[in-house]
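# Analysis of the macromolecular model
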Amino acid sequence: MAEKKKKAKKETVKPLKPVFASANIIYSAVFFGAVTVAMLALPRPEKSLIEQRTLATFPEFTYEDFINGKYTNGITEFYDDTVPYRDDIKKIAAGIKGLYGVELNDTEIHGQLVAITIEEEELPVVAPVTTESTTTTAGEAAPSGTTAVTTAPVTTTTVTTEKNINEIADGVITNGQVVVKRNDGHYWAISLFGGGKGKTYASALNRFHEELGEDVKIYTMIAPTAGEYYLPSNFADYNAIQKNSVDSIASQLDEDIVTVDAISALAEHTDEDIYLRTDHHWKPLGAYYAAEAFAKAADVPFADISTYEKVVKDGYVGTMYAFTESVNILNDPEQFVFYKPSNKYYTYYYDTAYNFDYEFPLFVDMPVGSSYSTFMGGDMKIVRIETDVKNGRKLLIFKDSYGNAEVPFYTGSFEEIYVCDMRYFDLNAIEFIKENGITDLLFTMCTFSATGPNANGLNVVLDNPTREELEAMAATATTTTAPEPEAEETTKKTKKTSTTTPPEEAEEDEAEVTTVPEDEPEKTTRKTKKTKKTTTKDNDEE
């Protein structure tokens, strides 16, 4: 017993002397105080080049937002999102993160895995039809110079498409992305695809066809991501075959909707730089080959790549670094190459309600880290392009960000092009198509959008109220009167309120009439805030 007490006494830790304890408190207080002052005083970034996005802004105070907590939550989000030297800190964190992970079947895993959708029924093999009326049977390659275009299912069997994979490579899976060093010596970040039948996408396109009838030709071109061609074979168990999903969608479409086979078109060029290594998008060269397939299906002229001005940017690191935080991706940048058309065209930008904003170049000068936003500056605008092609064909594109890289290649094919992102479109799509005399309607997006939540946006643009419905709602709101007072002595003056303010009355003091180009239909003239920039012709005169 005495021996145990003696041992316990030896293990007792003596407290610090008062002078050292006080010094410890002072040093800690000074350190954390300095960090706090630095976080408050140092300049806060407005954009993140690594994440390629605009960071949170300090919220404007309103009494309503203060009461419901949105104002204080906005302040918290602002300080969390705009930490000084944010990108530098994330780079350091990425280096540390690369030192840990868990292994599963010889594959290192970071974050969550993609859940692969198991198809419960057999997928149909659809016979492609070429623009030259040449048909191919299942399993055969399309003849050179032709484009496979799906129009109707022929047989039903199990699809056993073999992946175009020719190597095994070590890598890690990070939040649904594979980071792998391929035989070319470079690191690639490749998204794992979970599969899906695309029922929402297919049903929306059938709704478009039902409401538009034979007046507008409808095309769908779903772009595969890099994983369809470049994922090493030892990761195949974590990835679904994208062609299965594209074929599933094709089998659900009305017979008159044309499916352009981008997967086969790109498969012929996998030895070229058609996908970005550090970004989830394809390269503009990949978009060119897909656009060529669509042009053949639509039977419109298409300029050869040699007629374009080639622009090269070095040091590009795209979205995959933000997704994976892989230091290997960060330290292995690539070239971003895009192509400017040689013909004449003019580009006009509108807000998501099709109010004219400004005339500006199709290609926007961006920092190298945001190079993919070179095309029209991003997604959150409606863009109209007038070209020197006089064939009476007007193309409307509903797309995700994959479609942005296609647009320049259509300037030599259509007289007029309208570019709309289904995620940022506030009008009724059918009314918009009819009012602008659209002859060709192209839905182009990647497999993730066609089989995922983004496809819901197509139903939203179909369900948006028409102009007549909006005017009826506005008229109803403006005629609403306050209830009569119960007694004369309690009568008070009340302001006339409206839940919907007609655009002609909104912000009357701040607005002035901004006219659109001379040939712009009168219906697109709006009263808007003065945001028009310097007018610039878009034929590369930036």
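Reference entry: report on the structure contained in this document. (Residues numbered from 1 in each chain as written. Predicted model: local features only at pLDDT ≥ 70, side-chain atom pairs only at ≥ 80, totals over all residues. Heavy atoms only, no water.)

This next bit is on the environment of proline 408. Counting through the fold element by element, proline 408 comes out in the loop between strand E17 (394–399) and strand E18 (416–421). Exposure remark for proline 408: the relative accessible area of 1% places this residue in the buried category. Setting aside residues up to four positions removed in sequence, proline 408 forms contacts with Tyr308, Tyr339, Pro341, Leu362, Phe363 and Phe375. (Helix = DSSP H or I, 4+ residues; strand = E, 2+ residues; numbered from the N terminus. Buried < 20%, exposed > 50% of the residue type's maximum accessible area, 1.4 Å probe, protein only. Contact = heavy atoms within 4.5 Å.)

Attention now goes to the nonpolar core. Counting 105 residues, the largest nonpolar core has Phe208 and Phe398 as the members making the most contacts within it. Top contributing element to this core by residue count: helix H10 (residues 284–298), with 11 residues. Non-local contacts of phenylalanine 398, meaning those with residues more than four positions away in its chain, are made with Phe208, Cys420, Met422, Phe425, Ala429, Leu441, Leu442, Phe443, Thr444, Met445, Leu458 and Val461. (Core = buried A, V, L, I, M, F, W, Y, C linked by side-chain atoms within 4.5 Å.)

Running from N to C, helix H6 (residues 199–212) and helix H15 (residues 456–463) point in directions that differ by 30 degrees, and their axes come no closer than 8 Å. Taken together, the axis directions place H6 and H15 in an arrangement best described as roughly parallel. Along this stretch, H6 crosses H15, giving a crossing that reads as left-handed. Of the residues in H15, those touching H6 at Thr200, Tyr201, Ala204, Leu205, Arg207, Phe208 and Glu211 are Asn456, Leu458, Asn459, Val461, Leu462 and Asp463. Looking at side-chain class alone, the contact of H6 with H15 contains seven nonpolar, three polar and three charged residues. (Axes fitted to C-alpha atoms, helices over the stretch in contact; angles between N-to-C directions. Parallel < 35°, antiparallel > 145°, perpendicular 65-115°, else oblique. Left-handed = near helix turned anticlockwise from the far one by under 90°. Nonpolar A, V, L, I, M, F, W, Y, C, P; charged D, E, K, R; others polar.)

The next subject is the side chain of asparagine 206. Residue position: asparagine 206 is located in helix H6. For asparagine 206, a relative accessible area of 16% corresponds to the buried category. Setting aside residues up to four positions removed in sequence, asparagine 206 forms contacts with Gln252, Leu253, Asp254 and Ile257.

Pairing is possible between side chains of opposite charge, provided their charged atoms come close. Summed over all chains, the structure comprises 13 salt bridges. Note that arginine 384 and glutamate 386 form a salt bridge whose closest N and O atoms lie 2.7 Å from each other. Each member of the pair, arginine 384 as well as glutamate 386, is classed as buried. Put simply, glutamate 416 and lysine 394 hold a salt bridge, and the shortest N to O gap is 3.3 Å. One end of the pair, glutamate 416, is in strand E18; the other, lysine 394, is in strand E17, with 22 residues separating them in the sequence. In this structure lysine 394 comes out as partly exposed when scored by relative accessible area, which is 24%. Linked by salt bridges that have partners in common, Asp379, Lys399, Asp421 and Arg423 make up one network. (Salt bridge = Lys/Arg side-chain N within 4 Å of Asp/Glu carboxyl O.)

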